[in-house]
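Understanding the architecture of this molecule
If you want the building blocks of each chain, they are given just below.
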Amino acid sequence: MGTYVVTGSASGMGCAAAERLRADGHRVIGVDLRDAEVIADLSTVNGRIEAAVAVLELAGGRLDGAVLAAGVGPLPGRDNVKLILSVNYFGVVELLQKWQSAFATAGNAKVVVVGSNSSTTMPMVPLRAVRALLRDDLDGAVKTLRRYRVVAPSLTYGASKIAVSRWIRRNAVLPDWAGAGIRLNVIAPGAIRTPLLEKQLASPREAKAVQSFPVPVGGFGDPEHLAEWMVFMLSEAADFLCGSVIFVDGGSDAYFRADDWPRRVPTLRLPAYAWKFLRR
Ligand code: NAI
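Attention here is on the structure that accompanies the text. (Residues numbered from 1 in each chain as written. Predicted model: local features only at pLDDT ≥ 70, side-chain atom pairs only at ≥ 80, totals over all residues. Heavy atoms only, no water.)

Moving on, we get to the overall build of the protein chain. What the protein chain contains, in helices and strands, is twelve helices and seven strands. Its C-alpha radius of gyration of 19 Å places the protein chain within 12% of the 19 Å reference for a compact globule of 280 residues. Sorting the 280 residues of the protein chain into buried and exposed places 49% on the buried side. Of all intrachain contacts in the protein chain linking residues separated by at least 6 positions in sequence, the fraction that spans at least 24 positions is 74%. (Helix = DSSP H or I, 4+ residues; strand = E, 2+ residues; numbered from the N terminus. Rg over C-alpha atoms; globule rule 2.2 N^0.38 Å. Buried < 20%, exposed > 50% of the residue type's maximum accessible area, 1.4 Å probe, protein only. Contact = heavy atoms within 4.5 Å.)

Put into structure tokens, the structure is as follows:
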């Protein structure tokens, strides 16, 4: 049986994943603002450092895997831009970087990051903010996003999820991760019935947006079903899964983006191995 860390373990999908792992006999170190083995505020630099260190101590320097589910939704108000980016982006990448050697020690660790289908279905997300996050430039991203006034929180949420998904895909294939036996993947849920979604449904303006969003299979997703997917992505069945973004969203991503992906490599950007093959 393994040792897993789950952030956001006190509620919603993180809670469901932690319960499912414990039911399977694993040891789970939960990280959250409350009701967790490690109480920490992932929106602050110190909170992230404290959380990372406390988990490593409890785990004895060896982690078989992680579910990074702590996150905040598109909370209204431009003042929340920094909070959303800090938890949803830095609360994932900084922890993963600090836990890398503990994953490598386990030899065959699996990491599931909870992204979102907002990363592919939300229009107008400023890529400048995404690029700033990938450069670790929080202030630059905040400055860009605050310009968008009333829609800033939604665009911020989208930017945080695009950036975190790209970080995973960029890093998953590198020697420090793939080469160290660590599998990094993203699950991209659609609207799932958790307290985060309930909060959005409680605000008339946000409820209208959520309810009018096309979901081909209808309704909302179930956190326990998402937890099943996460646990599968932590299992041996995921040995060959690396840098993937798995959409479990009732079909919304396919509805909006059917022809956008998979997409052929643009000719001028053919990778070196392809040019070699063509010249043969
Ligand atoms: P939730 O609100 O039920 O759970 C999120 C957990 O993260 C809570 O326990 C909360 O205390 C914790 N958290 C928030 N800020 C924190 C901080 N500063 N430090 C430590 N912990 C903190 O939400 P849900 O829906 O389970 O969300 C889990 C993940 O799924 C999030 O990353 C969210 O963005 C993502 N997601 C949710 C969707 C939904 O419709 N519910 C859709 C797509 C993605």
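Here we take up the layout of surface pockets. Of the voids in this model, the second largest pocket is the one considered here, and its volume is about 960 Å³. Where the lining of the second largest pocket is concerned, the elements lending two or more residues are α4 (118–121), α7 (152–172), β7 (245–248) and α11 (252–257). For the lining of the second largest pocket, the element with the most residues is α7, which contributes five residues. Residues that form the lining of the second largest pocket fall into these classes: nine nonpolar, six polar and eight charged. (1 Å grid on protein atoms, 1.4 Å probe; cavity = no way out; pocket = protein on both sides within 12 Å on 5 of 7 lines; lining within 4 Å. Points joined across faces, edges and corners; volume = space filled by probe spheres on them. Nonpolar A, V, L, I, M, F, W, Y, C, P; charged D, E, K, R; others polar.)

Once that is clear, we can look at the site of the ligand. Looking at the ligand, there are 28 residues lining it, with S11, M13, D32, Y157 and T194 nearest. One of the backbone nitrogen or oxygen atoms of I192 is found 2.8 Å away from an oxygen atom of the ligand. Put simply, the parts of the chain that give the shell around the ligand at least two residues each are α1 (12–23), α7 and α8 (195–202). Per-class residue counts for the shell around the ligand are 16 nonpolar, nine polar and three charged. (Near = heavy atom within 4 Å. Polar contact = N/O pair within 3.5 Å; in protein donor to acceptor, adjacent residues only side chain to side chain.)

Now for a positive patch on the surface. On the surface, R128, R131, K143, R147, R166 and R170 cluster together to form a positively charged patch. Breaking the positive patch down by element, the ones donating at least two residues are α5 (127–134) and α7. The partly exposed category is assigned to R166, whose relative accessible area is 36%. (Patch = residues over 30% accessible without salt bridge, like charges linked within 9 Å, V, L, I, M, F, W, Y side chains within 5 Å. Areas by Shrake-Rupley, 256 points an atom, 1.4 Å probe, with all protein chains shown as cover. Salt bridge = Lys/Arg side-chain N within 4 Å of Asp/Glu carboxyl O. Lys, Arg positive; Asp, Glu negative; His and termini not counted. Charge placed at Lys NZ, Arg CZ, Asp CG, Glu CD.)

Taking strand neighbours across the sheet as the criterion, the seven strands line up as β3-β2-β1-β4-β5-β6-β7 in an open arrangement whose pairing is parallel. Among the strands making up the open sheet, the edge pair consists of β3 (38–39) and β7. Alignment of strand β1 (residues 3–7) against strand β4 (residues 65–68), held across four bridges, turns out to be parallel. Bridge pairing in β4 links V6 to V67. On top of the sheet, helix α3 (residues 81–106) reaches β1, β4 and β5 (110–114); it is set at about 175° to β4, its chief contact. Set on the sheet, α7 makes contact with β5, β6 (183–189) and β7; between it and β6 the angle comes to about 155°. (Pairing = 2+ DSSP bridges. Axes fitted to C-alpha atoms, helices over the stretch in contact; angles between N-to-C directions.)

Once that is clear, we can look at the environment of N171. Examined against the element boundaries, N171 turns out to sit in helix α7. It is 9.9 Å that separates the C-alpha atoms of N171 and R183, two residues lying twelve residues apart in sequence. Contact partners of N171, with chain neighbours within four places excluded, come to W177 and L184. A polar contact is formed between the side chain of N171 and the backbone oxygen of W167, at a distance of 2.8 Å.

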